[in-house]
Amino acid sequence: MTQAQETAFDQSTVDRAQAIIARYPQARSALLPMLHLVQSVEGYVSQDGIRFCAGQLDLSEAEVSAVATFYTMYKRRPCGEHLVSVCTNTLCAALGGDEIYSTLKSHLGVGHDETAGEPGTPGSITLEHAECLAACDLGPVLQVNYEFYDNQTPDKALGLVKALQSGDKPAPTRGAPLTDFKQAELQLAGFFEGRDADLDGPSAAPETLAGAQIAKERGWDAPATPKNAEFPALPEKK
């Protein structure tokens, strides 16, 4: 074990890793939250982090690397204090997502998956364009540390990023109060550290609930499933 590992992954991190493993019948199933735990310590998944996960889960480094490089939420370079993800998928792009991303890229002087400022220091920003963030009814949207900021414009997004750079944490449209990237990663690993109230944040917007509200007002109900519904036979395997 290197000195860097000893410094980064102390006993409290080992204890948290073991608590994650205890949630699952098979240790290897704990790998995804374990990678989030690593990011909560280092701000990314380093080679030391891969070795740490492999050692805790009795996996090979190749097995851990295969997972860490597959999912975009696991970063291979140190992130800033805040990760800003701009949705540039079809609908958000058509509504202005591309212009938002271009505006932020120009202001920050960085490209996709690059950081303005020293990674991890106050006010540093990592920018990325993201695939669908599942909020098409509120597009264009962006996320900061995976919290939603809906109905964005280039000017609103630029004001948000400038506020983050100055040390402010503007409230998300939905979800928990904004924290930094490492704290968000600790929550994704399953540790709320006294922030349990974050779970009570609003999760749905009026636009999302509009259809359900209209159905309720008009007494619309989906037809009940027949008690003896017949399902088509499965095709024969060849």
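- The protein is annotated in an unreviewed UniProt entry as NADH dehydrogenase subunit E from Lentzea albidocapillata.
- The record in UniProt for the protein states the following under Sequence similarities (unreviewed entry): "Belongs to the complex I 24 kDa subunit family."

## Section: the UniProt feature "binding site: [2Fe-2S] cluster" (unreviewed entry) in the protein
At step 1: Cross-referencing UniProt, the feature "binding site: [2Fe-2S] cluster" (unreviewed entry) maps to Cys 87, Cys 92, Cys 132 and Cys 136 in the present numbering. Considering the C-alpha atoms alone, the annotated residues occupy 50 residues of sequence yet fold into one spot, their largest mutual distance being 9.7 Å.
At step 2: Mapped onto the fold, Cys 92 is located in helix H6 (residues 90-108).
At step 3: When sequence neighbours within four positions are dropped, the list of residues in contact with Cys 92 reads Cys 87, Gly 97, Gly 139, Pro 140 and Val 141.

## Focus: the packing of helix H3 (residues 31-42) against helix H4 (residues 47-57)
At step 1: Two elements in contact, H3 and H4, have axes separated by 10 Å at closest approach and are oriented at 140°. Between H3 and H4, the angle falls in the class oblique. Considering how the two elements wind past one another, H3 and H4 form a crossing that is right-handed. Residue-level inspection shows Leu 31, Met 34, Leu 35, Val 38 and Glu 42 of H3 in contact with H4, the latter providing Gly 49, Phe 52, Cys 53, Gln 56 and Leu 57.
At step 2: Classifying every residue of the contact of H3 with H4 gives seven nonpolar, two polar and one charged.

## Focus: the pattern of salt bridges
At step 1: Applying the stated rule across the entire model yields six salt bridges.
At step 2: Arg 28 is the partner of Glu 63 in a salt bridge, and the nearest nitrogen-oxygen pair spans 3.6 Å. Of this pair, Glu 63 sits in helix H5 (residues 61-68) while Arg 28 is found in the loop between helix H2 (11-21) and H3, placing the two residues 35 residues apart along the sequence.
At step 3: Classification of Arg 28 as partly exposed rests on a relative accessible area of 46%.
At step 4: As a salt-bridge pair, Lys 169 and Glu 81 come within 3.9 Å of each other at their nearest N and O atoms. In this pair, Lys 169 is assigned in the loop between helix H7 (154-165) and helix H8 (181-188) and Glu 81 in the loop between H5 and strand S1 (82-87), connecting sequence segments 88 residues apart.

Criteria and cut-off values
Residues numbered from 1 in each chain as written. Predicted model: local features only at pLDDT ≥ 70, side-chain atom pairs only at ≥ 80, totals over all residues. Heavy atoms only, no water. UniProt positions renumbered as here; feature names shortened; annotations may be inferred. Helix = DSSP H or I, 4+ residues; strand = E, 2+ residues; numbered from the N terminus. Contact = heavy atoms within 4.5 Å. Axes fitted to C-alpha atoms, helices over the stretch in contact; angles between N-to-C directions. Parallel < 35°, antiparallel > 145°, perpendicular 65-115°, else oblique. Left-handed = near helix turned anticlockwise from the far one by under 90°. Nonpolar A, V, L, I, M, F, W, Y, C, P; charged D, E, K, R; others polar. Salt bridge = Lys/Arg side-chain N within 4 Å of Asp/Glu carboxyl O. Buried < 20%, exposed > 50% of the residue type's maximum accessible area, 1.4 Å probe, protein only.

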